[in-house]
Amino acid sequence: MIAYPDALSLLIAATPRLAAEHVALEVATGRVLAADIVSPLALPGFDNAAMDGYALRMPAAGRPAGHAATVAAMHAAGDSTAAYPGAEACEIATGARLPEGFDTVVPVERCAREGDVVRLLRDETPGLNIRRAGSDVAVGEAVLHAGRRIDTAAVMLLAAVGIAQVEVMRRPRVAVITTGTELHADGPLPEGGIHDSNGPYLAASLARWGASIVARSRVPDTGGAFHAAVRAAQAADADLIVTTGAVSAGRFDFVPTALASLGARELFHKVAIRPAKPLMAARFDGGPLVVCLPGNPIAVATGYRFFVGPVLRAMAGMPPERPRRVRLVEAPPVREGLHHFQFGAWDTVDDERVARLLPAQAAYRIAPFTRADLWLTSSDTFGDHADAWPLDPADAP
Ligand SMILES: Nc1nc2c(c(=O)[nH]1)N[C@H]1C(S)=C(S)[C@@H](COP(=O)(O)OP(=O)(O)OC[C@H]3O[C@@H](n4cnc5c(N)ncnc54)[C@H](O)[C@@H]3O)O[C@H]1N2
Ligand code: MOO
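- If you check an unreviewed UniProt entry, the protein chain appears there as Molybdopterin molybdenumtransferase from Luteibacter sahnii.
- Under the Pathway (unreviewed entry) heading, UniProt states for the protein chain: "Cofactor biosynthesis; molybdopterin biosynthesis."
- The record held by UniProt for the protein chain lists under Function (unreviewed entry) the comment "Catalyzes the insertion of molybdate into adenylated molybdopterin with the concomitant release of AMP."

Next comes the structure, spelled out in structure tokens:
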């Protein structure tokens, strides 16, 4: 059986990087930058007032309380460059460009105004309350890097530097196929039937990632129906096909042979992990990558998080995700020799943030997933520490 890091390496090596496209900033949230963003502007673009008050020309020694100056004009944000030659003071608004030759802004609260004269209420030193040009972002600075997901902070910065179109990776085109004669959509169930929860889970997860779901089918345990679903996914030009179920050792576990008969090349089948051990991956030459997840719901969650997630990152040109190391409390012993994936919850012990494994986890139990804060993983037995990962790959930086 192949080890998890080796399986992941094979999978990523077979993953094509997608092309880029241009989209408007207003619809770019959640997309992944395809190229570094080099700022065409400085931020701030000019020296400006940090406070509403009075701009002064001040000698290096400053001015004492009681000093009076004649106010030349009111200078508001958006006013064009103005010069008040010979003037010692002008009224200024937050964000207004500092007029030529002025060096200090004294907030209105520290001034008294009478007619066109302003008097300082305290001793003042020069150079205060000015936001210098380029002190946030310099012209030509690489402010955001390729592979970064555009979050709301990135939108703020891109808008501030005047970028209205961004080059992003195109959305991956993904097909989802769930297998199982026992599966039904919502509504009353026949004897022995269950609701298909893997299909809606994968569709929701992929939508959160920003993938386009180009085909979705639920097929009974017959090779013919599965063949047709894979052909439909190929016809829909899928980059990736994710299947669930029928990948283990049972009589109806037809996925490996069906994919081989369709011409897919197996990358690996069965991984030294728990859960989701029967997981398989394959690749059609010049066609989609296929990740086949075992049917148990938590095997699907595991496979999505730790196999499909890394594939989606690689397609988007994102670097591999790095886990956070956390201290574990009360980790029960688990069987050695397998890479373990479990749900965890945050806790606090003696003011330290620690994690604990949730109780009663099993590949068929969905309820613990809904109570989890994070994934915890270990390449072997869980000890004092574990790797921590956000529950959803879309939440990883
Ligand atoms: N003799 C062996 N039996 C099993 C092995 C094994 O190695 N030898 N592996 C076990 C493990 S581990 C897993 S995981 C499962 C995976 O089996 P399959 O991928 O073949 O999945 P199915 O048999 O089709 O389904 C397993 C389980 O999950 C339920 N299921 C399937 N699809 C859905 C869905 N869309 N929504 C909700 N639930 C679903 C299905 O009804 C079964 O209960 O095999 C073990 N057995
Ligand atoms: O690997 Mo299976 O996913 O434990 O049930």
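1. Quick word on the domain arrangement of the protein chain
- Per the domain assignment, the segments making up the protein chain are domain 1 (4-18 + 171-315), domain 2 (21-43 + 148-169), domain 3 (48-131) and domain 4 (324-395).
- Averaged C-alpha coordinates put domain 1 and domain 3 at centres separated by 67 Å.

2. Quick word on helix α1 (residues 4-13)
- Residues of α1 that are buried: Tyr4, Ala7, Leu8 and Leu11. All buried residues of α1 fall inside an arc of 100 degrees around its axis, so they share one side.
- On the buried face of α1, the contacting elements are β18 (265-269), β19 (273-274), β20 (280-283), β21 (289-293), α6 (297-315) and β23 (339-349).

3. Some words on the pattern of salt bridges
- As enumerated under the stated definition, the model contains 15 salt bridges in all.
- A salt bridge links Arg170 to Asp239, with the shortest nitrogen-to-oxygen separation between them at 2.9 Å. In this pair, Arg170 sits in the loop between β12 (165-169) and β13 (173-179) while Asp239 sits in the loop between α4 (223-235) and β17 (240-244), placing the two residues 69 residues apart along the sequence.
- Measuring nitrogen to oxygen at the nearest pair gives 3.0 Å for the salt bridge that ties Asp387 to Arg325. Within this pair, whereas Asp387 is found in strand β26 (residues 385-390), its partner Arg325 is found in strand β22 (residues 324-327), the two being separated by 62 residues in sequence.
- Among the residues examined, Asp387 registers a relative accessible area of 21% and is labelled partly exposed.

4. Re the state of the cysteines
- In this structure the tally under the stated criterion is zero disulfides.
- You can see Cys111 has no disulfide; the closest cysteine sulfur is in Cys90, sitting 12 Å from it.
- Classification of Cys111 by relative accessible area gives buried; the value is 11%.

5. Side note on the site of ligand 2
- In the vicinity of ligand 2, the residues found are Pro275, Ala276, Lys277, Pro278, Asn296, Ala299 and Ala363.
- The contact in question runs from an oxygen atom of ligand 2 to an N or O atom on the backbone of Lys277, over 3.0 Å.
- One of the side-chain nitrogen or oxygen atoms of Asn296 is found 2.7 Å away from an oxygen atom of ligand 2.
- Of the residues belonging to the shell around ligand 2, the class tally is five nonpolar, one polar and one charged.

6. Quick word on the site of ligand 1
- In the neighbourhood of ligand 1, 20 residues make up the surrounding shell, with Glu182, Asp196, Asn198, Asp253 and Gly295 lying closest.
- The separation between a nitrogen atom of ligand 1 and a polar side-chain atom of Asn198 is 3.2 Å.
- Here Gly295 contributes a backbone N or O atom positioned 3.0 Å from an oxygen atom of ligand 1.
- Broken down by secondary-structure element, the contributors of at least two residues to the shell around ligand 1 are β13 and β15 (194-195).
- Considered class by class, the residues forming the shell around ligand 1 number seven nonpolar, ten polar and three charged.

7. Topic: empty space enclosed by the protein
- Applying the stated rule across the entire model yields one cavity of 30 Å³ or more.
- The calculated volume of the largest cavity comes to roughly 100 Å³.
- Lining the largest cavity are 14 residues, with Val32, Met169, Arg170, Pro172 and Trp209 positioned closest to its centre.
- Taken together, the residues of the lining of the largest cavity break down into eight nonpolar, two polar and four charged.
- Built from parts of two domains, the lining of the largest cavity gets at least three residues from each of domain 1 (4-18 + 171-315) and domain 2 (21-43 + 148-169).

Reading guide: rules and limits
- Residues numbered from 1 in each chain as written.
- Chains lettered and ligands numbered in written order.
- Predicted model: local features only at pLDDT ≥ 70, side-chain atom pairs only at ≥ 80, totals over all residues.
- Heavy atoms only, no water.
- UniProt positions renumbered as here; feature names shortened; annotations may be inferred.
- Domains from an automatic or database assignment.
- Buried < 20%, exposed > 50% of the residue type's maximum accessible area, 1.4 Å probe, protein only.
- Helix = DSSP H or I, 4+ residues; strand = E, 2+ residues; numbered from the N terminus.
- Arc of directions from axis to C-beta.
- Contact = heavy atoms within 4.5 Å.
- Salt bridge = Lys/Arg side-chain N within 4 Å of Asp/Glu carboxyl O.
- Disulfide = S-S within 2.5 Å.
- Near = heavy atom within 4 Å.
- Polar contact = N/O pair within 3.5 Å; in protein donor to acceptor, adjacent residues only side chain to side chain.
- Nonpolar A, V, L, I, M, F, W, Y, C, P; charged D, E, K, R; others polar.
- 1 Å grid on protein atoms, 1.4 Å probe; cavity = no way out; pocket = protein on both sides within 12 Å on 5 of 7 lines; lining within 4 Å.
- Points joined across faces, edges and corners; volume = space filled by probe spheres on them.

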